[in-house]
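# Geometric and topological summary
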Protein chains: 2
Amino acid sequence: MPRSVPGRIKASYWIETPLDPHRAAEAMAGEQSSGTFLKLARETDELRDRHAAQVDSVTQLTTADTPSLPGAMPGEVYHRANITLSWPTINVGTSLPNLMATVLGNLTELRELSGIRLSRLALPDEFLEAHPGPRFSITGTRQLTGCNEGPLIGTIIKPSVGLTPEETAELVGELIEAGIDFIKDDELIANPPYSPLAKRVPAVMRVINDYAQRTGRKPMYAFNITGDIDEMRRQHDLVVEHEGTCVMASMNWIGLASLQALSQHTSVPIHGHRNGWGLFYRSPSIGIDYPAYQTLLRLAGADHLHVNGLGSKFAEADASVIDSATACLTPLLHRSERDDRAMPVFSSAQTVHQASNTFKALGSTDLIYTCGGGIMGHPNGVAAGCRSIRAAWAAAASGTPLGEHAHQEPDLEVALRAFASPFSG
Amino acid sequence: MPRSVPGRIKASYWIETPLDPHRAAEAMAGEQSSGTFLKLARETDELRDRHAAQVDSVTQLTTADTPSLPGAMPGEVYHRANITLSWPTINVGTSLPNLMATVLGNLTELRELSGIRLSRLALPDEFLEAHPGPRFSITGTRQLTGCNEGPLIGTIIKPSVGLTPEETAELVGELIEAGIDFIKDDELIANPPYSPLAKRVPAVMRVINDYAQRTGRKPMYAFNITGDIDEMRRQHDLVVEHEGTCVMASMNWIGLASLQALSQHTSVPIHGHRNGWGLFYRSPSIGIDYPAYQTLLRLAGADHLHVNGLGSKFAEADASVIDSATACLTPLLHRSERDDRAMPVFSSAQTVHQASNTFKALGSTDLIYTCGGGIMGHPNGVAAGCRSIRAAWAAAASGTPLGEHAHQEPDLEVALRAFASPFSG
């Protein structure tokens, strides 16, 4: 599919239908532009020429004997197909929420479909240019952390809930002394009464600012400011006031319009947490592929985007993780003055073992690699854990087998023995 | 499940798991409060007592031979169960986005589950009281329209896209002269260049205000102001400036936090459009039941909530439509001074035929009943169409069979013959 055709918004889907797939595609185009079950007086040919969605392509795949989703029209057989529809940009303007209402909206409910996944979005340059995109992206994140090569080595405050601001700050002190580049709040803690941001931010930033002054290195802490809009703006200001360098939000629960509002306000990178995303990828029969949705999240201003990790504890397939991360690293608008990539965040049960496969598949170290147990569980402590991850990535980036590189890196050698590989057996 | 237990947030789920369902429920509780794959130094027993999610109930259902969703741990058999978990409110505070991160968040990705649907939410009074809820609800909507009994008879501007502001206003004039109570923009039109709200609002409201002055009856028009936050606030102000009485937003695409922001600002009812909701109900294996999510939408401020309709053109089962509408009409907080119900909006291929079954199932006429073809397609015109729908609801509410009532209502008689019933055959 061409990335951008002037004037038209293109959306690609996997569909399953009891109808001829061409007819189903026409029904989708009708429903999402000028269709109703009755011919209307004002629906002129001219109006249709100007506004109708059109079917750009239909590629038939296999068929199935039973429908993947309930509620569809009955059929003798269910045809699967990849299709692309397009709309004139004039129908939507350049609004992200309205784009979603147009390219997905009621399609998920059509009885003509027994399966639908939105797989790709291609937006014309005029649409992309209406959105500034990530304010910091990879370049800005590297500048703020002084971490100029390799992935940012990150971790998450655990236990996820229950620590006081003072306990959190104490833990942060241990983590940054051990060499961590990036620390984030868990998505389960935002501004609860036992650890309000009004206390957590100053407590944590005191430790980080002291360390930065002492060493010249300033690790990034992503404070989870998820909340209502005014609250997020206030909490952002609090973070900035205390010289914090990152804010985090649960994107799926605040929503696109709020992410945009935060982006218009922010002066630090936005760490986009995608908890709840399983709702959209877990069923092969209905949902959204992340390569499509991350386009909107970046246009709305997310600088970092979670993508899970290889061999994770979650249900996502490794190939899907890599597709997502590759999409995040692919520029939307090809302009030299604009870096609209997002920095993919790998997480969930990551250890030294995933570095090499991740690098091979992605061909980049422009990412945040967060480990919990994979760093904290190192037999020789957190600093050794942190060094072992960095060594694993150095080996990966230079194409040296891990086992070989481990001869010169005792922390890596210990880690290789201590953690089971998710790829073996 | 009790509606409200002081201090704890309760969430119920349908799950499918290769594990013993009790063990799966424990894994869910761990993941969403203090779990990681390593025992942590700071995870004290005291912390766990204060913050751990707990399993309140597990009711085993049937088993399946194959998993409903891919990516789950392998098992010999997959157990289905209804379970309830609970959390201390202190973990979350009273934030809606953070509530979702806690009760759903990463659960959708767990390999311990091959199916998960969030089915019900029960929030403690202290949580409910932190949110004003719908500003207008049913009472306010009836006051604004002067429509004191029976459903509001509504329709949608069609064609969905392409009409100019003047054409829209002209159509509105015909519709209100015909007796319509409520008109809405389609979700496919918000603020596009060919019909900007800056022109559509004054054009439409001139017609409505003239009519109101002449007749004393003021139909409600829901302008689709879906967009970014500042834009929605501005467009709301424009609507109010022109004496408009309703604004509409695509709730799933603006998100919870933006709905809240709009609610804090609004001085007219918010018409909550749920396009995209098929993503959450269409698969029986993963998603959210509307009775759970509508709780949050009402707390975020939605006054009207779409629920589809009986015998609609969409894939949702009739029982699910009624469950959703019943939930919308059930008060959250039982306080005499507060009306926190939402007015359910029935739509999609509705005609005279659905009135009786809808009333029987719901026991209420506190709803908006929108018809497109079911009014516009009446052989004797729009006014006859509108009268026929009102007559059908009068028959329904008085328990008179439609055919019998039609003897005194010629418009109803014609409509009964003109439209096929979705319930026959």
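None of these values were measured; they are calculated from a predicted model.

How each quantity is defined
- Residues numbered from 1 in each chain as written.
- Chains lettered and ligands numbered in written order.
- Predicted model: local features only at pLDDT ≥ 70, side-chain atom pairs only at ≥ 80, totals over all residues.
- Heavy atoms only, no water.
- Buried < 20%, exposed > 50% of the residue type's maximum accessible area, 1.4 Å probe, protein only.
- Helix = DSSP H or I, 4+ residues; strand = E, 2+ residues; numbered from the N terminus.
- Pairing = 2+ DSSP bridges.
- Contact = heavy atoms within 4.5 Å.
- Least-squares fit on C-alpha atoms with pLDDT ≥ 70 in both.
- Axes fitted to C-alpha atoms, helices over the stretch in contact; angles between N-to-C directions.
- Buried area = accessible area lost by both parts, 1.4 Å probe.
- Salt bridge = Lys/Arg side-chain N within 4 Å of Asp/Glu carboxyl O.
- Polar contact = N/O pair within 3.5 Å; in protein donor to acceptor, adjacent residues only side chain to side chain.
- Nonpolar A, V, L, I, M, F, W, Y, C, P; charged D, E, K, R; others polar.
- pLDDT = per-residue confidence, 0-100.
- Parallel < 35°, antiparallel > 145°, perpendicular 65-115°, else oblique.
- Left-handed = near helix turned anticlockwise from the far one by under 90°.

Attention now moves to the pairing of strand β4 (residues 115-122) of chain A. Residues and elements named next belong to chain A. Across the eight residues that make up β4, a large majority, seven, are buried. As defined by bridge partners, strand β1 (residues 8-17) adjoins β4 across seven bridges and the pair is classed as antiparallel. Paired with W14 across the strands is R117, a residue of β4. With three bridges connecting them, β4 and strand β10 (residues 286-288) associate as parallel partners. Residue pairing across strands places L118 opposite I288, the latter belonging to β10.

Examined against the element boundaries, K313 of chain B turns out to sit in the loop between β11 (304-306) and α13 (318-328). Considered as a pair, K313 of chain B and A257 of chain B are 56 residues apart in the sequence and their alpha carbons are 31 Å apart. Ignoring anything within four residues of it in the chain, the contact list for K313 of chain B reads E31 and R111 of chain A together with S348 and A349 of chain B.

Here we come to unusual backbone geometry. A cis amide bond links K158 of chain A to the next residue, P159 of chain A, at an omega of 0°. Counting through the fold element by element, P159 of chain A comes out in the loop between β5 (152-156) and α6 (165-177). Look at E243 of chain A: it is not a glycine, yet its phi comes out positive at around 65°. Tracing the backbone through its elements, the reader meets E243 of chain A in the loop between α8 (229-241) and β8 (246-250). Not every positive phi belongs to a glycine, and S137 of chain B is a case in point at roughly 55°. Within the secondary structure, S137 of chain B sits in helix α5 (residues 137-145).

Superposition record for chain B on chain A: RMSD 0.0 Å, screw rotation 180°, translation along axis 0.0 Å. The symmetry that links the two subunits is that of a two-fold axis. Looking at the rotation axis and the C-alpha trace of chain B, the residue lying nearest is G255 of chain B, at 1.8 Å. A share of 100% of the interface residues of chain B reappears at the interface of chain A, consistent with the copies meeting face to face through the same patch.

All names here are of chain B. Strands sit in the order β2-β3-β1-β4-β10 across an open sheet of five strands; the sheet is mixed. The sheet terminates laterally at β2 (54-64) and β10 (286-288), the two strands that pair on one side only. The average angle at which neighbouring strand axes cross in this sheet is 15°, direction not considered. Relative to strand β3 (residues 78-88), strand β1 (residues 8-17) runs antiparallel, the two being bridged by 10 bridges.

Attention now moves to the pairing of strand β9 (residues 270-273) of chain A. All names here are of chain A. Burial along β9 is two-sided: the face carrying I270 and G272 and the face carrying H271 and H273 are both buried. Summarising the sheet, β8 and β9 pair through four bridges and their orientation is parallel. Residue A249 lies in a different strand from β9, and its bridge partner there is G272. Two strands pair when backbone bridges link them, and β9 and strand β11 (residues 304-306) are joined in this way by two bridges, in the parallel orientation. The residue of β11 that forms the bridge with H271 is H304.

Note: interface size is frequently given as the accessible area lost on complex formation between the parts. Of the residues lining the interface, 92 residues belong to chain B; the matching set on chain A comes to 92 residues. It is R42, W253 and R282 of chain B that lose the most area in chain B upon contact with chain A, and together they represent 12% of the buried surface on that side. Counting across the chain B and chain A interface gives four salt bridges. Across the pair D230 of chain B and R233 of chain A runs a salt bridge whose closest N-O atoms are separated by 4.0 Å. Where chain B packs against chain A, one counts 27 residue pairs in polar contact (both at pLDDT 80 or more). For the side of chain B that touches chain A, the element with the highest residue contribution is helix α10 (residues 256-265) of chain B, accounting for six residues. Its residues assigned to classes, the side of chain B that touches chain A shows 39 nonpolar, 37 polar and 16 charged.

The next thing to look at is the side chain of N106 of chain B. Locating N106 of chain B in the fold gives a position in the loop between α3 (96-103) and β4 (115-122). Within the structure, N106 of chain B has its side chain in polar contact with the side chain of E31 of chain B (distance 3.4 Å). Sequence-distant contacts of N106 of chain B, that is, excluding residues within four places in its chain, are made with E187, H273, N275, G276 and F314 of chain A together with E31 and Q32 of chain B.

All names here are of chain A. This model, assessed by the stated rule, comprises 42 salt bridges over all chains. The shortest N-O distance in the salt bridge between R298 and D340 comes to 3.7 Å. Here D340 lies in the loop between α13 (318-328) and β12 (343-346) and R298 lies in helix α12 (residues 290-299), a separation of 42 residues in the sequence. Judged by its relative accessible area of 2%, D340 falls in the buried class. Via salt bridges that share partners, R142, D339, R341 and D366 belong to a single interconnected network.

A separate point is the sheet that holds β10 of chain A. Residue and element names in this part refer to chain A. Read from one edge of the open sheet, five strands run β2-β3-β1-β4-β10, paired in mixed fashion. Taken across any chain shown, the strands that pair with only one partner, and hence form the sheet edges, are β2 (54-64) and β10. For this sheet, the mean inter-axis angle between neighbouring strands, taken without regard to orientation, is 15°. Sitting on the sheet, helix α1 (residues 21-31) touches β1, β2, β3 (78-88) and β4, and the angle it makes with β2 is about 135°. Sitting on the sheet, α12 touches β4 and β10, and the angle it makes with β4 is about 50°.

All names here are of chain A. The predicted model of chain A has a mean per-residue pLDDT of 95, with 97% of residues at 70 or higher. Overall, residues 1-5 carries pLDDT values under 50, and its contacts beyond four positions in sequence, including any with other chains, amount to 20 contacts. Predicted complex, confidence summary: ipTM 0.96, pTM 0.96.

Residues and elements named next belong to chain B. Put simply, helix α8 (residues 229-241) and α10 touch, their axes get as near as 10 Å, and they point 30° apart. One element, α8, and the other, α10, form an angle in the roughly parallel class. Relative to α10, α8 is oriented so that their crossing is right-handed. Only S258, A261, L262 and H265 of α10 make contact with α8, whose side of the interface consists of I229, M232, R233, H236 and D237.

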